[in-house]
Amino acid sequence: MNIDTDRLRRDLQENAAFGDVDADEGVGRTVLTGSEADRGVRERFVDRLEAAGLDVRVDAVGNIFGRWTPPSCDPSAAPVAFGSHLDSVPRGGIFDGPLGTYGALEGVRAMQEADVAPARPVEVVSFTEEEGGRFGVGTLGSSVATGKLGVDEALALEDDDGVTLRDHLDRVGFAGSDAVDPAEWDAWMELHIEQGTRLTGANAGVGVVDSITGITNCEVAVTGEADHAGSTPMYERSDALAAASEFVLDLERAAEELATTSEAAVGTAGKGTIEPNARNIVPAEVRLQLDIRDVEHETMDRLVERCRTSLARLERNRGVETSMSRYRDSPPSQMADRCLAAADAAAATRSVDALRLHSAAMHDTANLAAVTDAGLLFAPSRDGVSHSPREWTDWDDCATATGVLAETVRSLASD
């Protein structure tokens, strides 16, 4: 099978024209669910699917499915699906998501042109709102498709202006009525940019992901007492920010220690508020949002417990009150052995150096892995930059990884 690099490049560049943003360096785009840019990328994608002879369906939350049913296959057989997403973060790059969706379409076209005769139908997929840029709920479309999130609950989600997902999809014409159940797929594959430098560091052409990190989110509150910044002696203070700062350092230290035995372990206090947030008042309360990740759920639990231990010590030593709620706990996902084996063999067949690695970021594949055999491939990222106009994967690297993707799906669909 030959991947048409120029055709894949045109697809990605023309897709990038929707929601394009001015950038001092690189090429950027903003494609939020329900925007005119979203309408444009969806309509173009459907056009390209239909031009390749695929039967297109759209479900209630706007997920797009294009099925190729060649004469060689049993049309009632469980299909092999692959794809990604078309939305972006605000001022994001042009490869995150679209490389996976258009790479899947290019894979089908390559199979068609090589007269590949799969035994199963092949599905090309674009999931809605993977980034969470409009509603703050990442991997939304695949969460609904796999039953983790209810359709009505998803459609009722409101953006910052109070507009629901249902209204946004109605406006752009992608509130569908088709029902597609990924649990009925034989397998799923996704191609994504690495968003790191392990592939370029190893001079590898493709990454074969064996696991996707889990994510735990916690909210921490540290409550002290507001006092005058000038007239309150240091020894009489109950400074919530000073205590919270010590907690953040405890979190960092704990994550560093756990990372010595579990390389993927990370802990971040990435969002916070200070009350009353005035220069001349000792802070009374600090609220922090934590992001804890690892490919081992036990390590995530241990890091949460280290956080609780830190807060208990701060209550004893600093005279503050604390609380911590663990409001999200998405376990790590393991990729299916048969998908890993097919990907390794595909890379060897195409003489591409492959590297086994884990994904430190969440992808739709994590949801799919709960209901069907799933696999994930990475393409190299220049300098590891993503979610930025400076995000870049060389066109030849895009084609190389797409070739491995196509060969993997060809193999899976031939069973």
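Basis of the calculations
- Residues numbered from 1 in each chain as written.
- Predicted model: local features only at pLDDT ≥ 70, side-chain atom pairs only at ≥ 80, totals over all residues.
- Heavy atoms only, no water.
- Pairing = 2+ DSSP bridges.
- Helix = DSSP H or I, 4+ residues; strand = E, 2+ residues; numbered from the N terminus.
- Axes fitted to C-alpha atoms, helices over the stretch in contact; angles between N-to-C directions.
- Domains from an automatic or database assignment.
- Contact = heavy atoms within 4.5 Å.
- Buried area = accessible area lost by both parts, 1.4 Å probe.
- Salt bridge = Lys/Arg side-chain N within 4 Å of Asp/Glu carboxyl O.
- Polar contact = N/O pair within 3.5 Å; in protein donor to acceptor, adjacent residues only side chain to side chain.
- Nonpolar A, V, L, I, M, F, W, Y, C, P; charged D, E, K, R; others polar.

A. Focus on the sheet that holds strand β14 (residues 321–330). One open sheet accounts for four strands, arranged β11-β13-β9-β14; its pairing is antiparallel. Strand pairing shows two members of the sheet lacking a second neighbour, β11 (266–275) and β14, which therefore form its edges. Averaged over all adjacent pairs, the angle separating strand axes in this sheet is 15°, with direction ignored. Sheet topology note: the strand β9 (residues 214–223)/strand β13 (residues 285–294) ladder contains 10 bridges and is antiparallel. Each bridged residue has a counterpart across the sheet, and for Asn217 the counterpart in β13 is Asp291.

B. Main features of the domain arrangement of the protein. One can read the domain layout of the protein as domain 1 (5–212 + 333–413) and domain 2 (214–330). Distance from the C-alpha centre of domain 1 to the C-alpha centre of domain 2: 36 Å. Domain 1 puts seven residues into the contact, and the matching count from domain 2 is seven residues. Surface buried jointly by domain 1 and domain 2 totals about 500 Å² across both partners, of which 57% is contributed by carbon and sulfur atoms. A per-residue breakdown of the area domain 1 buries against domain 2 is headed by Ile212, His358 and Met362, which together make up 65% of the total. Summed over the shared surface of domain 1 and domain 2, the number is zero salt bridges. Our count for the contact surface shared by domain 1 and domain 2 stands at one residue pair in polar contact (both at pLDDT 80 or more). Class assignment of the residues belonging to the side of domain 1 that touches domain 2 gives a composition of four nonpolar, three polar and no charged.

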